[in-house]
Amino acid sequence: MKKAMLLAAALGSLMQNAGAEEFRVQMGGEKIIYIETSREDEFDRRDYDQYMRERGYDYESHYHANRRLRERVRNLELAVRQLQDTVYDLQNAEPTPPPVTAPQTQYSCILKTHKGTFTGIGLTKLEATGKAAQQCESKIGAFWCDIDEVKCDAN
């Protein structure tokens, strides 16, 4: 955060010097800010004459218009600084570890018949029982698999 504040302060002071053609800030080899300014004179005499005809040559109206523009520029510079701080924080944030969840209880069920032993594992007792019964039915047939004989334990 301190680096971003220093960067924003440097940017603010360098922005006041509008004579620079190009301005770059790099941190760790990566370009963070790139600003290109123009030295061209943007004064247009026709726009000035039209403005003066509409507003007149009243100093107070010019003062208030200039004040509003300066306030607007100040608010825009503040918004840019806040966005730079946010971008810097996001670029340098440590990744958050995944949330730690409690281990889920699993159930193991056994179905013993005279033709073999069948097992089923599931997150619920019903699921584990169903898997054991299904395994038994697929191997020796449903007649020999008594679901009431299934024994389950929580792991």
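Keep in mind it's a predicted model, so treat the numbers as computed, not measured. (Residues numbered from 1 in each chain as written. Predicted model: local features only at pLDDT ≥ 70, side-chain atom pairs only at ≥ 80, totals over all residues. Heavy atoms only, no water.)

**Things to note about the overall build of the chain**
Looking only at helices and strands, one finds 4 helices and 5 strands in the chain. When the elements of the chain are put in sequence order from the N terminus, they spell out α-β-β-α-α-β-β-α-β. Taken over 155 residues, the chain has a buried fraction of 18%. If you take every contact in the chain between residues at least 6 apart in sequence, the share linking residues at least 24 apart comes to 36%. Carbon and sulfur atoms make up 53% of the accessible area of the chain, which amounts to about 12900 Å² in all. (Helix = DSSP H or I, 4+ residues; strand = E, 2+ residues; numbered from the N terminus. Buried < 20%, exposed > 50% of the residue type's maximum accessible area, 1.4 Å probe, protein only. Contact = heavy atoms within 4.5 Å. Areas by Shrake-Rupley, 256 points an atom, 1.4 Å probe, with all protein chains shown as cover.)

**Description of the nonpolar core**
Counting residues in hydrophobic clusters, the biggest one holds 8 residues: Cys109, Leu111, Phe118, Ala128, Ala132, Cys136, Cys145 and Val150. If you list the elements that add at least two residues to this core, you get strand S3 (107-113) and helix H4 (125-140). In terms of residue count, H4 provides more of this core than any other element does, 3 residues in total. (Core = buried A, V, L, I, M, F, W, Y, C linked by side-chain atoms within 4.5 Å.)

**Considerations on the sheet that holds S3**
With antiparallel pairing, the 3 strands of this open sheet are ordered in space as S4-S3-S5. In the strand order of this sheet, the two ends are held by strand S4 (116-122) and strand S5 (151-154), each with one partner. Direction aside, the axes of adjacent strands within the sheet are offset by 20 degrees on average. In this sheet, S5 lies alongside S3 in antiparallel orientation, the contact comprising 4 bridges. Counterpart to Ile110 in the pairing with S5 is Lys151. (Pairing = 2+ DSSP bridges. Axes fitted to C-alpha atoms, helices over the stretch in contact; angles between N-to-C directions.)

**Observations concerning the confidence of the model for the chain**
Here the chain shows a mean pLDDT of 78. Residues at 70 or above account for 72%. Predicted confidence is poor over residues 14-21, with pLDDT under 50, and the contacts of this stretch with residues over four places away or in other chains come to 10 contacts. (pLDDT = per-residue confidence, 0-100.)

**A look at the pairing of S3**
As paired strands, S3 and S4 are joined by 7 bridges and run antiparallel to one another. Looking across to S4, one finds that Cys109 is bridged to Gly120. Between S3 and the antiparallel strand that follows it, S4, lie 2 residues.

**Concerning the state of the cysteines**
Per the stated rule, a full pass over the model turns up 2 disulfides. Two residues, Cys109 and Cys152, share a disulfide whose sulfurs are 1.8 Å apart. Between Cys109 and Cys152, the S-S dihedral sits near 105 degrees, and the bridge is therefore right-handed. On the criterion of sequence distance, the pair formed by Cys109 in strand S3 and Cys152 in strand S5 is long-range, its members being 43 residues apart. Cys136 shares a disulfide with Cys145; S-S distance 1.8 Å. Measuring handedness by torsion sign, the sulfur bridge of Cys136 and Cys145 sits at about -90 degrees and is left-handed. A relative accessible area of 0% places Cys136 in the buried class. In the chain, the cysteines engaged in disulfides, taken in order along the sequence, are linked 1-4, 2-3. (Disulfide = S-S within 2.5 Å.)

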